[in-house]
Amino acid sequence: MLTDDASTAAQDPCPDREIESLREFDEVVARGTLAGYRVQSVDLTGRTRALLDTDTAEAVFLGCPMEPEAAAKVRAGGALVFPPVPGLPFDPYRGTLYSPRELFEGLAERGYAGTPDALAYAWFQRTKADGDIFSSMLRSIHDDAVSDALDELLVGARVVGVMGGHALERGSDGYAGAARLGRALARSGLTVATGGGPGAMEAANLGAYAAPFADEMLDESLELLAKTPSFRPSVGEWAEAAFAVRERWPEGGASVGIPTWFYGHEPPGAFASHIAKYFANATREDGLLARSNAGVVFLPGAAGTVQEIFDNATPNYYESRGEPTPMVLVDRDHWTRRLPTWPLLEALAEGRPMRARIALVDSVDEAPGALMSLAGSPAG
């Protein structure tokens, strides 16, 4: 399961020497020094006296608003100061992951086009091919900050990835099956991580959200969501249906969504408690698979899911990330006839330790058991 940030912070406000909130800042200052710390995106305009009175040698301030007097002092004291960048629809120095509410802020008032998610995508569309090194640097800093926050969140967690197509509609049997899968995995103590988009990804995050509730909650949620089956033609209506479910059943289970603005026409799902959204799709895909230390379940999908299967199979084949992790492909007909990926995966695995860590099952309800069986199988 995900780590309890509050209990960790109570023991040490920033064990990795990263300060990501005013509370952490005040606790560190009370200890007498900011020397060597990294302060990420914390508004310090109300902490001028603390900055003037505290040692900041070799500290780094990333996107922290502060009064000119304080900024001059910390620079003179040996700190590096990276000022906020005005006019951006995102914070490149952020110290935490996104929440659904943050990405969809203003949805009711301005429509989806006015949300931070849509504005960040529009900025990316304008700058991704303009050759401006400043824009590419901002994207890289942002994505690195997101990766850092994701790693902090997942410390000690057993993460299972759930991959599948974005086109799967609410109200379909496949969507309901993916939701049941996410619920079963979450109830078994695993942290569900998906690509963070619509379709099978949203369904798995919904299932994890439903895990703490009685089984009837998921059935009712699926019925409500089926009234808005797709994010086309209206992302706003699609997202509002998800938030209506969250409001009716607040405080659901935790999970992670890892989407990308590279596919910005696909909105992020609203059921993941933590969203690690990237500009660089390659960083996002590799990072999602690499963090799925308890294995990956592949639901039926098209080209993107096929790519993810072999992105995951390659390090398992070479054991470049250590011992191979489980891979479960769901829907025998899909992966042997429609898109015959399984025969190639089997051929690659023959005679290698990863052979004991791959399985093909007929239905989504078989996937949790297959995953657990593979996790207990010797790989060598």
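Procedures and definitions
- Note on numbering: residues in each chain are counted from 1, in written sequence order.
- For this predicted model, a pLDDT threshold of at least 70 governs which residues receive local features, and a threshold of 80 or more governs which side-chain atom pairs are given and counted, while totals over whole chains, interfaces and linings are taken from all residues.
- Calculation of side-chain values draws on the structure's entire complement of heavy atoms; hydrogens and water are dropped beforehand.
- Helix and strand assignments come from DSSP, with helices taken as H or I runs of at least 4 residues and strands as E runs of at least 2, each series counted from the N terminus.
- We call a residue buried when its accessible area falls under 20% of the maximum for its residue type, exposed when it is over 50%, and partly exposed in between, using a 1.4 Å probe and counting protein chains only.
- Throughout, a contact is declared for two residues whenever any of their heavy atoms are within 4.5 Å.
- Method for areas: the Shrake-Rupley scheme with a 1.4 Å probe, in which residue coverage is limited to the protein chains shown.
- A pair of strands is labelled paired if DSSP reports no fewer than 2 bridges between them.
- To count toward a patch, a residue needs a relative accessible area over 30% and no salt bridge; like charges are then connected within 9 Å, while nonpolar side chains (Val, Leu, Ile, Met, Phe, Trp, Tyr) are connected within 5 Å.
- Here, a salt bridge means any side-chain nitrogen of Lys or Arg that lies within 4 Å of a carboxyl oxygen of Asp or Glu.
- Planes of paired rings set the category: under 30 degrees apart is stacked, over 60 is edge-to-face and the rest tilted, where pairs are Phe, Tyr or Trp rings (Trp by its six-membered ring) whose centres lie within 6.5 Å.
- Two conditions define a charge sitting above a ring: the NZ of Lys or the CZ of Arg must be within 6 Å of the ring centre, and it must be within 35 degrees of the ring normal.
- It is the directions from the helix axis to the C-beta atoms whose arc is reported.
- To define a nonpolar core, start from buried Ala, Val, Leu, Ile, Met, Phe, Trp, Tyr and Cys residues and group those joined through side-chain atoms within 4.5 Å.
- Here Asp and Glu are counted as negative and Lys and Arg as positive; His is not counted, and neither are the chain ends.
- In protein, a polar contact means a hydrogen-donor-capable atom and an acceptor-capable atom, both N or O and within 3.5 Å, with residues adjacent in sequence counting only if both atoms are side-chain atoms; elsewhere, any N or O pair within 3.5 Å suffices.

The name given to the chain in an unreviewed UniProt entry is Rossmann fold nucleotide-binding protein, with Streptomyces lonegramiae as the source organism.

Undergrad: Just to check I follow, could you spell out the overall build of the chain for this structure?
TA: Of the regular secondary structure elements, the chain holds 17 helices and eleven strands. Projected onto its principal axes, the C-alpha positions of the chain cover 70 × 50 × 45 Å. The 380 residues of the chain split such that 52% are buried. A separation of at least 24 residues holds for 62% of the contacts in the chain among residues at least 6 apart in sequence. Working note: accessible area of the chain is about 16,300 Å², and carbon and sulfur atoms make up 53% of it.

Undergrad: Looking at this structure, how should I read the sheet that holds strand 1 (residues 18-19)?
TA: Working definition: the strands of a sheet are paired by backbone hydrogen bonds and lie parallel or antiparallel to each other. If you walk across this open sheet you meet the four strands as 1-2-3-4, and the pairing is parallel. The two strands at the open ends of the sheet, each matched to only one other strand, are strand 1 and strand 4 (80-82). Here three bridges tie strand 2 (residues 38-40) to strand 3 (residues 60-62), and the two strands are oriented parallel to one another. Each residue of the ladder has a partner; that of Val39, found in strand 3, is Phe61.

Undergrad: Help me understand a nonpolar patch on the surface in this model?
TA: Together, Ile133, Phe134 and Met137 make up an exposed nonpolar region whose accessible area comes to about 320 Å². Tracing the backbone shows Phe134 in helix 8 (residues 133-153). Overall, the relative accessible area of 40% leaves Phe134 in the partly exposed class.

Undergrad: Help me out: how do you make sense of the packing of aromatic side chains in this one?
TA: Any aromatic ring pair is given by two values, namely how distant the centres are and how the planes are angled relative to each other. Under the defined criterion, the tally for this structure stands at 13 aromatic pairs. Considering the side-chain rings of Tyr209 and Phe213, the 6.3 Å spacing of their centres and the 35 degrees angle between planes classify their relative orientation as tilted. Connected via pairs of aromatic rings, a cluster forms that spans Phe90, Tyr98, Trp123, Phe124, Trp261 and Phe279. For the cation-ring pair, Arg17 lies above Tyr37, with the distance from its terminal atom to the ring centre recorded as 4.1 Å. Taking the ring centre of Tyr317 as reference, the NZ or CZ of Arg352 above it sits at 3.8 Å.

Undergrad: Before we go on, may I ask you to explain the pattern of salt bridges in this structure?
TA: Side-chain pairing between opposite charges can occur once the charged atoms of the two side chains come close. Evaluation of the coordinates by the stated rule reveals 17 salt bridges. Asp26 is the salt-bridge partner of Arg47, the closest N and O atoms lying 2.8 Å from each other. Pair noted here: Arg47 is in the loop between strand 2 and helix 3 (48-53) and Asp26 is in helix 2 (residues 22-30), with a separation of 21 residues, a long-range link. Classification of Arg47 as partly exposed rests on a relative accessible area of 24%. When its relative accessible area of 34% is taken as the criterion, Asp26 is described as partly exposed. With a closest N to O distance of 2.8 Å, Arg357 and Glu323 form a salt bridge. With a gap of 34 residues between them, Arg357 in the loop between helix 16 (341-349) and strand 11 (358-361) and Glu323 in the loop between helix 14 (303-318) and strand 10 (327-330) connect regions that are remote in the sequence.

Undergrad: Explain helix 4 (residues 68-76) to me, please; I cannot follow it from the model alone.
TA: Buried within helix 4 we find Ala70, Ala71 and Val74. The arc that holds every buried residue of helix 4, seen down its axis, measures 100 degrees, which confines them to one face. Along helix 4, the residues that are exposed and aim more than 90 degrees away from the buried face are Pro68, Glu69 and Ala76. The elements touched by buried residues of helix 4 are helix 3, strand 3 and strand 4. Backbone geometry just downstream of helix 4 places Gly78 in the positive-phi region, at approximately 100 degrees.

Undergrad: Sorry, what's going on with the nonpolar core here?
TA: Across soluble globular proteins, nonpolar side chains have a tendency to be buried as a group. Counting residues in hydrophobic clusters, the biggest one holds 50 residues, and the most contacted among them are Val297, Leu299 and Val328. Elements that contribute at least two residues to this core include exactly strand 5 (159-163), helix 9 (173-187), helix 10 (200-210), helix 11 (215-225), helix 12 (235-248), strand 10, strand 11 and helix 17 (367-375). Setting aside anything within four residues of it in sequence, one finds Val297 in contact with Val160, Gly161, Val162, Met163, Leu181, Val328, Val330, Ala367 and Leu371.

Undergrad: I would appreciate a short explanation of the side chain of Arg284 in the present structure.
TA: Here Arg284 shows up in helix 13 (residues 281-291). The side chain of Arg284 is buried and forms no salt bridge, while Glu285, the nearest opposite charge, is found at 4.0 Å. Only 2.9 Å separates the side chain of Arg284 from the backbone oxygen of Gly195, close enough to count as a polar contact. Setting aside anything within four residues of it in sequence, one finds Arg284 in contact with Gly195, Met201, Ile258, Pro259, Thr260, Tyr263 and Tyr278.

Undergrad: I keep staring at helix 16 and nothing clicks. Help me out?
TA: One turn of an α-helix holds 3.6 residues; hence residues three or four places apart share an orientation. Residues of helix 16 that are buried: Thr341, Trp342, Leu345 and Ala349. With its buried residues spanning 90 degrees around the axis, helix 16 presents them on a single face. Considering only its buried residues, helix 16 is in contact with helix 14, strand 10, helix 15 (332-338) and strand 11. Positive phi appears at Gly351, one or two residues downstream of helix 16, with a value of about 75 degrees.

Undergrad: What's the story with the environment of Ala79 in this structure? I'm lost.
TA: Position of Ala79 relative to the elements: it lies in the loop between helix 4 and strand 4. Judged by its relative accessible area of 8%, Ala79 falls in the buried class. Remark: the alpha-carbon pair of Ala79 and Val60, spanning 19 residues in sequence, is separated by 5.6 Å. For Ala79, the residues in contact, after removing those within four places along its chain, are Thr56, Glu58, Ala59, Phe61 and Val74.

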